[in-house]
Structure formats: C-alpha cells, structure tokens
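# Tertiary structure, described
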Amino acid sequence: MNIERLHSISPDAMDLLLLADPSEEVIHSYVHRGFCYAAYLNESLTGIYVLLPTRPQTIELVNIAVDDKCQGQGIGKKLVLHAIEESRKLHYHTIEIGTGNSSLPQLGLYQKCGFRITGIDHDFFTRHYSEPIFENGIQCRDMIRLSMDL
Ligand code: COA
C-alpha cells in the first residue's frame, strides 16, 4: 500500500471523507487547513486521513476512512500508525482524536494504536449535526476525546 499527501480533494476523496463525517460543510471547514493523506492499493484510492493543527504542538486526526469494500483488513490501523508517525516527523508533541460514544470499533482501534481517553465533550454531536446519528443501536451524542504523547 502506498500512502501519499493529497493537495486537492477529488470527488472520490470527498466520498471517502464523507464515510467518517456526514457533513460536507464540516469537512470543507477543516480539509484545506490540514494535511490530507491518501492510501492507494493497486493504484486505487482505498483510504484517507486528515491531520489538523489545533494548538501549538498539538495536531488532531480529524477524519479517517477506508473504502467500505476494504474495511476489516488492517488498512485503518496502518493509516492511524502512519498518522502518528507523520505527526512525529512534523515535530508535534501531542496527537488527539475524537470519536462518537457509539463508534465502538473506532474506540477499539484507537486504543489498540496507543491512544488514551482524556475526556468527553458531552452533546457534541447533538449540538453540531442537524440529523440524529445512530450506530450499533446507540445514539451518537457525545464525543470521546483521546490523545497520545508523541
Ligand atoms: N472492539 C475492539 N477492537 C475492534 C473492534 C471492536 N468492536 N472493531 C474493530 N476492532 C479492531 C480490529 O480488531 C483491528 O485491530 P487488530 O488489527 O488488532 O485486530 C482494528 O480495530 C482496526 O481494524 P482495521 O481492519 O485496521 O480497520 P479498517 O481498515 O476497517 O478501518 C475505519 C477502520 C474506522 C477507518 C473504517 O472502518 C472506516 O472507514 N469506517 C467508516 C469511517 C469512520 O467511522 N471513521 C472514523 C470516524 S471517528
């Protein structure tokens, strides 16, 4: 698998970003301020992630997605580990990520990659998204915040 920096967002890339974030408007608000990386498998776009500097020395993995035909094969884990390594190379001291209280596989993935839970942003999703979101039979209301020292 080949992972490289993307400098513009094609419609295919936007389709992947929308897997992780239901709002194109929200995606547009961060994608051009951050660093976007794309993963290619046999030259086809398979995964994507976006790193966004948020505070001095802190960067956040704000979007990560793998094409749904290729999920469950270890690509997401490779992307998270690549994002951690890139953040180190960019000399950040802390990498953060937030995910929904209902995003059970993602909470598993991030903790397996070394992230620790640092807090909860209560009602983040009910405040920022107009449509209710349900996953795994659970309403997504709160953002679970995770972080790792680099
Ligand atoms: N509990 C514990 N661990 C779990 C789990 C669960 N319920 N579900 C999955 N995992 C683990 C897997 O076991 C695997 O760890 P392992 O390699 O140690 O076994 C790890 O999570 C990741 O699996 P992987 O195959 O690398 O993930 P993926 O390629 O399917 O990518 C996502 C993961 C989240 C990027 C992908 O599912 C996706 O694009 N989802 C839609 C977009 C999205 O939700 N993005 C995140 C927004 S916060």
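Structural data are supplied above this passage.
Attention in this report is confined to the structure presented alongside it.

Conventions and cut-offs
Residues numbered from 1 in each chain as written. Predicted model: local features only at pLDDT ≥ 70, side-chain atom pairs only at ≥ 80, totals over all residues. Heavy atoms only, no water. Buried < 20%, exposed > 50% of the residue type's maximum accessible area, 1.4 Å probe, protein only. Helix = DSSP H or I, 4+ residues; strand = E, 2+ residues; numbered from the N terminus. Pairing = 2+ DSSP bridges. Right-handed = clockwise from strand over helix to strand, strands pointing away.

## Observations concerning the pairing of strand E4 (residues 58-66)
Burial within E4 is extensive, with eight of its nine residues counted as buried. Note that strand E3 (residues 44-55) and E4 share eight bridges and pair antiparallel. By the bridge assignment for E4, Leu-51 is matched with Leu-61. The loop that links E3 with its antiparallel partner E4 comprises two residues; one of these, Gln-57, has a positive phi angle of about 75 degrees. Once you follow E4 into helix H3 (residues 75-89) and on to strand E5 (residues 94-100), the crossover reads as right-handed.

## Brief notes about the pairing of strand E2 (residues 35-41)
Burial runs high along E2: five of the seven residues are buried. Pairing geometry for strand E1 (residues 2-6) and E2, over five bridges, is antiparallel. Looking at the pairing, Arg-5 lines up with Tyr-37 of E2. Two strands pair when backbone bridges link them, and E2 and E3 are joined in this way by seven bridges, in the antiparallel orientation. When the sheet's bridge partners are listed, Cys-36 is paired in E3 with Val-50. Two successive antiparallel strands, E2 and E3, enclose a turn made up of two residues, where Asn-42 displays a positive phi of approximately 50 degrees.

## Considering unusual backbone geometry
One non-glycine residue, Gln-57, lies in positive phi territory at about 75 degrees. Among the secondary structure elements, Gln-57 is positioned in the loop between E3 and E4. Judged by its relative accessible area of 44%, Gln-57 falls in the partly exposed class. Positive phi, close to 70 degrees, is recorded for His-91, a residue that is not glycine. Along the chain, the position of His-91 falls in the loop between H3 and E5.

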